[in-house]
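Residues per chain are reported as follows:
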Amino acid sequence: SNNHTIELTPAIDRAVRSNQLEPAALAAVAVAQGPGSFTGLRIGMGVAKGLVLAQQIPLVAVPTLDIVAAGVPPFAGELAAVIQAGRGRICLQRYTAPTGRAWMPAGTAEITTWDNLVANTTQDTLVAGEINAQGRDLLESSTAPITIAPGVVSLRRAGYLAEIAWQRITAGQTDDPHTLTPIYLHQPGVPHP
């Protein structure tokens, strides 16, 4: 209920302590970078930065749509990861798996609509993520080569965020907490068509 500032830090404290750890035991912090809720992104990023600066540990930010994609086993077609953006819009990132081992972004993430997703899909595409009733109806009635992913692979899970982050940490790919910014796709308060 938009109680991010009240609930987030106590929840983190409980999670750490329920594993018989202290904050000083943390090796790194991973955070979803967006796109997503403006307030949620700002608060999550602020708390993550505060933790890493206080503990002097690495920070890794993972794009939200990469977290959705991580839950889908790679295949020869295209993956369209989506999350709701409000007012009938969606955030969309297309992925391919050229090596067959991992999804790679194809182009850049964008804000679009379900109609545009259907109109611009020409190859076998699996759509995963947040699909509302309007989107589901349109995708299911479309003649485009689209399949809707089962719910179990469409969820953003903290475990996928952690897995991606750990791979980046072990490869030495961390983010600077002083310069890291959320991915918004458009600026808060600025009307978007």
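See the structure above.
Being a predicted model, the structure only gives us computed values, none of them experimental. (Residues numbered from 1 in each chain as written. Predicted model: local features only at pLDDT ≥ 70, side-chain atom pairs only at ≥ 80, totals over all residues. Heavy atoms only, no water.)

(A) Representation of the overall build of the chain. Secondary structure summary: the chain contains seven helices and eight strands in total. The C-alpha radius of gyration computed for the chain amounts to 18 Å, which stays within 12% of the reference 16 Å derived for 193 residues, consistent with globular compactness. With the C-alpha coordinates aligned to their principal axes, the bounding extent of the chain is approximately 55 × 40 × 30 Å. Counting every position in the chain, which comprises 193 residues, the buried fraction comes to 38%. If you take every contact in the chain between residues at least 6 apart in sequence, the share linking residues at least 24 apart comes to 61%. Here the chain displays about 10,600 Å² of accessible surface, and carbon together with sulfur accounts for 55% of that area. Charge separation in the chain, taken as the distance between the mean sites of 12 positive and 14 negative side-chain charges, equals 4 Å. (Helix = DSSP H or I, 4+ residues; strand = E, 2+ residues; numbered from the N terminus. Rg over C-alpha atoms; globule rule 2.2 N^0.38 Å. Buried < 20%, exposed > 50% of the residue type's maximum accessible area, 1.4 Å probe, protein only. Contact = heavy atoms within 4.5 Å. Areas by Shrake-Rupley, 256 points an atom, 1.4 Å probe, with all protein chains shown as cover. Lys, Arg positive; Asp, Glu negative; His and termini not counted. Charge placed at Lys NZ, Arg CZ, Asp CG, Glu CD.)

(B) Quick peek at the pattern of salt bridges. One pass over the full model with this rule turns up six salt bridges. Of the charged contacts, one joins Arg17 and Glu22 as a salt bridge, the two residues approaching to 2.8 Å between their closest N and O atoms. Note on Glu22: relative accessible area 46%, which makes it partly exposed. Close ionic contact of Arg168 with Asp66 constitutes a salt bridge, the shortest N to O distance being 3.7 Å. Linking Arg168 in helix H7 (residues 158–170) with Asp66 in helix H3 (residues 64–70), this pair joins segments that are 102 residues apart in sequence. Given the relative accessible area of 23%, Arg168 is considered partly exposed. A single network of salt bridges, built from pairs that share partners, joins Asp13, Arg17 and Glu22. (Salt bridge = Lys/Arg side-chain N within 4 Å of Asp/Glu carboxyl O.)

Purely geometric numbers; function is a separate question.
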